[in-house]
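# Descriptive analysis of the structure
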Amino acid sequence: MTIKAGQIAHLDRDSANPTEDNLAFLCLGHHDEYDSQTSQRKGFTVSEVRHFREELYAANNRLEVSSNPAADRPALAQGGHGGSGEIFGNGTVIGGRGGRVGTSGRGRGGDGGGGVIHGDGVIIGGEGGSVDGENIWYPPARSGYEDFLAKQGETPDWGVMYPGYGGMSPGYTQRHQIVQAIRAAYFHAQGALDKIKNSKIADVPLAYVNSELQAAGFPWRAEQEGHWYVYRVPN
C-alpha cells in the first residue's frame, strides 16, 4: 500500500466513456500492458481488472479501519459481488450488478460482474449482493439470468440461486432455512409434494409464513421482495 505512479484506464478503451464502472487506476506498466495487443501472451481481461480493482478498494477500506481504531462509527461493510464471465466464441455472459448497504449500514455495495465475449453473443447484467442493516436481512442478489427470465415473461423459482447471484446479509441463510421448513410443511398439508423443491414465492401465502413464525416465537417477519423474502424485525 505504497504510492505508485499510474493512470486512470478506460476498461472499454473508449476515453469518451467516463462512467465509474468503466474506470480503474492502473500503474503505468499495467496500463501499458492492458492497452497493448500481443500475440505472445494473454493480456488482462476486463473482468480481471475489475476483480483487482475490487481487491484494491477492499484493501483501502481495511487500511482506513485499522488506522482509526478509536473512531466511534460502525464498521465498514462490503456488499457481495455479482458473477462475471468470459466466452471465447459465441454465447451469452450473465453478470451481476452492485449491491446495497442496508439501513444504518456504512460502506459500499458490491460491484456487479461483467463479461467479455470474443465472438458474437449477448452480455446480460444483473445485480450484486447486500450488507446487513439494522434488524433486517437481505436475500441473495438477483443474477443476470433472473433478469433474463423476467424479460421472457417467466417467474424464477423461489430460493434458487441462479448463476451470477451475489452475496446475502449475514444471518439470512439461517432464517431462510426456517422459512424453507415452513413452506415444506405447507406443501405437505396441501398434498403438493412436487412443490417442495420447485415453487414460486406466491405458492405459499405470506400471511401463513408470518403466522408460523409468530407461533414459533421468532421476533422477525418475512416481507416479499420479488421472488425472495426480506426478513425484518417489525418496528
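Quantities reported herein were computed from a predicted structural model and do not represent experimental measurements.

This brings us to the pattern of salt bridges. On inspection of all chains with the given rule, the structure shows seven salt bridges. One salt bridge connects Lys195 with Asp203, and the closest N-O pair in it is separated by 3.6 Å. Linked through salt bridges whose partners overlap, the residues forming this network are Asp21, Arg50, Arg53 and Glu54.

Below, the discussion takes up the confidence of the model for the protein chain. Mean pLDDT over the protein chain: 78, with 69% of residues reaching 70 or higher. Segment residues 69–74 is flagged for pLDDT under 50; beyond a separation of four residues in sequence, or across chains, it makes five contacts in the model.

Another point: the layout of surface pockets. A probe as big as a water molecule, rolled over the atoms, marks out the empty space that is left. Looking at the largest pocket, its volume works out to about 530 Å³. Lining the largest pocket are 15 residues, with Lys4, Phe25, Leu26, Cys27 and Leu56 sitting closest to its centre. Of all the secondary-structure elements, those providing two or more residues to the lining of the largest pocket are strand 2 (23–27) and helix 2 (46–66). It is helix 2 that contributes the most residues to the lining of the largest pocket, five residues altogether.

What counts and how
- Residues numbered from 1 in each chain as written.
- Predicted model: local features only at pLDDT ≥ 70, side-chain atom pairs only at ≥ 80, totals over all residues.
- Heavy atoms only, no water.
- Salt bridge = Lys/Arg side-chain N within 4 Å of Asp/Glu carboxyl O.
- pLDDT = per-residue confidence, 0-100.
- Contact = heavy atoms within 4.5 Å.
- 1 Å grid on protein atoms, 1.4 Å probe; cavity = no way out; pocket = protein on both sides within 12 Å on 5 of 7 lines; lining within 4 Å.
- Points joined across faces, edges and corners; volume = space filled by probe spheres on them.
- Helix = DSSP H or I, 4+ residues; strand = E, 2+ residues; numbered from the N terminus.

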